[in-house]
Amino acid sequence: MEKLVIKGPTPLKGEVVINGAKNAAVAILPATLLIDGICTIDNLPNISDVNICCQILEALGAKITRNGKHSITVDSRNITTTKAPLDLTSKFRASYYVIGAMLSRMGEIEVGMPGGCKLGARPIDQHIKGFEALGAVVDTGKGVISAKADELVGNTIYMDVVSVGATINVMLSAVLAKGTTVIDNAAKEPHIVDVANFLNTMGADIRGAGTDMIKINGVEKLSGGATYSVVPDQIEAGTFMLAAVATKGDLLIKNCITKHLESITAKIIEVGGQVEDFGDSIRVYCDQRPKKASIKTLPYPGFPTDLQPQMGVVLSLADGTSTINESIWESRFQYTDELNKMGAKITAQGKSAFFEGVEKLYGAPVYSTDLRAGAALIIAGTAAEGITEVYNLEHIDRGYEDIEERFRSIGADIKRISE
Ligand code: UD1
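Residues numbered from 1 in each chain as written. Predicted model: local features only at pLDDT ≥ 70, side-chain atom pairs only at ≥ 80, totals over all residues. Heavy atoms only, no water.

Moving on, we come to the overall build of the protein. Each helix and strand in the protein was counted, giving 14 helices and 23 strands. Its C-alpha atoms give the protein a radius of gyration of 21 Å, within 12% of the compact-globule value 22 Å for 419 residues. Overall, the C-alpha framework of the protein stretches about 60 × 45 × 40 Å when taken along its three principal axes. In the protein, buried positions account for 58% of the 419 residues. Restricting the contact set of the protein to residue pairs at least 6 apart, pairs at least 24 apart contribute 72%. When the accessible surface of the protein is totalled, it reaches about 15400 Å², and 49% of it is carbon and sulfur. With 42 positive and 50 negative side-chain charges, the protein shows a spacing of 1 Å between the two charge centroids. (Helix = DSSP H or I, 4+ residues; strand = E, 2+ residues; numbered from the N terminus. Rg over C-alpha atoms; globule rule 2.2 N^0.38 Å. Buried < 20%, exposed > 50% of the residue type's maximum accessible area, 1.4 Å probe, protein only. Contact = heavy atoms within 4.5 Å. Areas by Shrake-Rupley, 256 points an atom, 1.4 Å probe, with all protein chains shown as cover. Lys, Arg positive; Asp, Glu negative; His and termini not counted. Charge placed at Lys NZ, Arg CZ, Asp CG, Glu CD.)

Have a look at this one:
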């Protein structure tokens, strides 16, 4: 078993370079299945979710060539099966993108029920609604999803909830469909725009990504052979921004799109942090105890749920009582029990949590309950006095590349130990 041992407190200072977005990468890689050709994806984060994604593509017959740490070439000319390995697909959430892509390319697919972080119920009814509206027959039984379509025909789909996954998945299934598909009440996250840009680079005709109405004019074939670079990770950038505030540090966060960070910037300023925006980099610093705030997580451009635990660390240390309302996931406050072990005073009730700010956190053994909770605990350990041991690192390694080296490079006293 591995753990991270962090000795704090350390104000994080220096520069950090943001990697490509995990949530874009795990959609773009399955999207390559739509291409009867070879394409190269650059700026991929080197994380375990990307590795699992590649293993699934390989199991379906695609050839994967690694061109160094952040670039992969996918040759999808020879898809050999429509049954994705259940053990791999049920390991992570984004395996559901294989359904949209393979339905489009091969007319059928079988995958395991998607896994991923345990954040409460994670239904996929809107994905299925979209596939069925295009003419697919979908069956979900015994932990397996199978989908089949003799022909996919464009349709108008109103999403009953704003869903990142369903928006991307319906987009994937509609790219080669006959006629026009309209996704109404679509999600607007930066990675949705990135997936649409990738597909358009390959010859798709998708318009309106980034708004709540996306129009996909089906094309007969996508061209292969192009190279695409994944958008910088908004959540990783936000994680380091909040780490700067929680540790009273000063970080220059490079290779990000600051437009994607506006909701985070606004909240950092509200709690007393300073932000300098340079367009493709952002400086965040804080030399005072954070002030209290109220946060409500919302779909983009609102405050992202995936930065809620990291913001929770800042509010644990704030002057006064803060509240967070989580409107996306029903069980996203499991990390608060861990922060309370470190001296925080948080009361979580259903989808709300109340943070009675404390002046200091203290090191303790803590368990990462999901990916972003893990990032929050690393930030807390860096801000806290004494030794923090963070366990369950497999969650963190799913989504953050070289996390301890990157924290160490900005001053953290952190090491990974195998027990
Ligand atoms: C994606 C992100 C995840 C992030 C989430 C919200 C990936 C791989 N993961 O997850 O990190 O926390 O967006 O920004 O990109 N819902 C339904 N029916 C559906 C689909 C979703 O009711 O068919 C509900 C969910 O329960 C949730 C809300 O819609 O309450 C948003 O979920 P969604 O945007 O789909 O999240 P994911 O795509 O799974």
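Additional details are given in the paragraphs that follow.
A word on the pattern of salt bridges. For the structure shown, the criterion picks out 26 salt bridges. Here Asp36 and Lys221 are joined by a salt bridge, their closest N and O atoms 3.7 Å apart. Here Lys221 lies in the loop between β12 (213-217) and β13 (227-229) and Asp36 lies in the loop between α1 (22-31) and β3 (38-42), a separation of 185 residues in the sequence. For Asp36, a relative accessible area of 38% corresponds to the partly exposed category. Salt-bridge contacts for Arg416 lead to Asp397; the nearest nitrogen and oxygen are separated by 2.9 Å. Here the residue Arg416 occupies a position in strand β23 (residues 413-418), and Asp397 occupies one in helix α13 (residues 393-399), the gap between them amounting to 19 residues. Overall, the relative accessible area of 24% leaves Arg416 in the partly exposed class. Since its relative accessible area comes to 23%, Asp397 is described here as partly exposed. (Salt bridge = Lys/Arg side-chain N within 4 Å of Asp/Glu carboxyl O.)

This part is about α1. Buried residues dominate α1, accounting for 10 of its 10 residues. Looking only at α1, the buried set comprises Lys22, Asn23, Ala24, Ala25, Val26, Ala27, Ile28, Leu29, Pro30 and Ala31.

Honestly, it's all geometry; don't read function into it.
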